[in-house]
Amino acid sequence: MSSMSLKLLRFRRRDDGNATIEFVFLFPLFISIFLMGFESGFYMVRTVMLERSVDISVRDIRLGNGKVPEFADIKERICESSVVFSNCTDSIHIHMEEVAIAPGAIAAVTGPARCVNRFSNEPQYDGSEYNVGQANTMMVVQVCAAVSPLFPTTGMGLGLQNDRLGGNMAIVATSAFVNEPGTRAFAPYSPPIGSGNGTGVDPDDADADADAT
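Only a predicted model underlies this, so the values are computations on that prediction, with no experimental measurement involved.

## Quick notes on the pairing of strand 4 (residues 169-178)
So, point 1. Alternating residues of strand 4 divide into Met169, Ile171, Ala173, Ser175 and Phe177, all buried, and Ala170, Val172, Thr174, Ala176 and Val178, none buried.
So, point 2. In the sheet, strand 3 (residues 138-147) pairs with strand 4 via 10 bridges, with the strands oriented antiparallel. If you follow Val141 over to strand 4, its bridge partner there is Ser175.

This is the structure we're talking about:
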């Protein structure tokens with residue numbers, strides 16, 4: 001038997017590197033599962049934060065207090081409360097409409113979710129779908145945030161991407177409420193009186209009165 005044949009035979013019988021081969025095959029699988037789990041977890045965090053910020057922000061619309069936030073103001077308010085979205089004001093779209101008061105009426109936004117396509121030349125929403133309604137009317141609001149996946153090449157990232165959104169994924173929060181009675185007019189956003197401490201007194205005014213006495 002030639003020396004070359006002997007070397008090939010020895011190479012075939014050796015088991016060095018078996019662990020490395022298993023690592024090469026299994027590591028991509030495990031790291032993909034880990035990244036998909038992280039992606040889904042962060043998706044849930046962003047969904048919960050968006051729903052919370054929408055619930056906080058629509059309170060100002062529902063109460064009115066004679067000063068209903070304008071479209072740009074409510075977008076800024078939602079972004080301030082959510083904190084987990086980058087370039088938030090350019091990524092979210094707000095759709096608000098009245099619910100018809102009729103037997104069997106359902107509080108739901110009609111049609112698919114309206115979202116902003118940040119990578120297209122389509123005109124962006126200018127607030128034309130922002131209808132705050134009148135006193136005592138039932139309203140439904142839907143907010144869609146178009147965000148990029150953290151790991152777009154994993155199974156979860158690929159599954160969440162939407163071609164209509166330029167490769168982004170849509171995070172949607174929906175809420176319904178009934179407007180309180182009273183005057184409703186647009187005005188620059190300012191927190192309702194007494195919203196800070198629940199006493200009906202502005203904390204700064206309270207401090208000033210205490211100093212005066």
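Structure's up, so let's keep going.
## A closer look at the side chain of Glu39
So, point 1. Mapped onto the secondary structure, Glu39 falls in helix 2 (residues 18-63).
So, point 2. Aside from chain neighbours lying at most four places away, what touches Glu39 is Arg46, Pro149, Leu150, Phe151, Met156, Gly157, Leu160 and Met169.

## Observations regarding the sheet that holds strand 4
So, point 1. With respect to topology, 3 strands assemble into an open sheet ordered 2-3-4, the strand pairing being antiparallel. The outermost strands of the open sheet, each flanked by one partner alone, are strand 2 (92-98) and strand 4. With strand direction ignored, the average angle separating the axes of adjacent strands in the sheet is 15°.
So, point 2. Along the sheet, helix 3 (residues 71-82) makes contact with strand 2 and strand 3, crossing strand 2 at roughly 120°.

## Structural notes on unusual backbone geometry
Glycine aside, negative phi is the norm for most residues, and most peptide bonds take the trans geometry.
So, point 1. Backbone geometry at Val83 places phi at a positive 60°, although glycine is not the residue there.
So, point 2. What makes Val83 exposed here is its relative accessible area of 59%.

Analysis parameters
- Residues numbered from 1 in each chain as written.
- Predicted model: local features only at pLDDT ≥ 70, side-chain atom pairs only at ≥ 80, totals over all residues.
- Heavy atoms only, no water.
- Buried < 20%, exposed > 50% of the residue type's maximum accessible area, 1.4 Å probe, protein only.
- Helix = DSSP H or I, 4+ residues; strand = E, 2+ residues; numbered from the N terminus.
- Pairing = 2+ DSSP bridges.
- Contact = heavy atoms within 4.5 Å.
- Axes fitted to C-alpha atoms, helices over the stretch in contact; angles between N-to-C directions.

Everything listed here is a matter of coordinates, which is why it stays silent on function.
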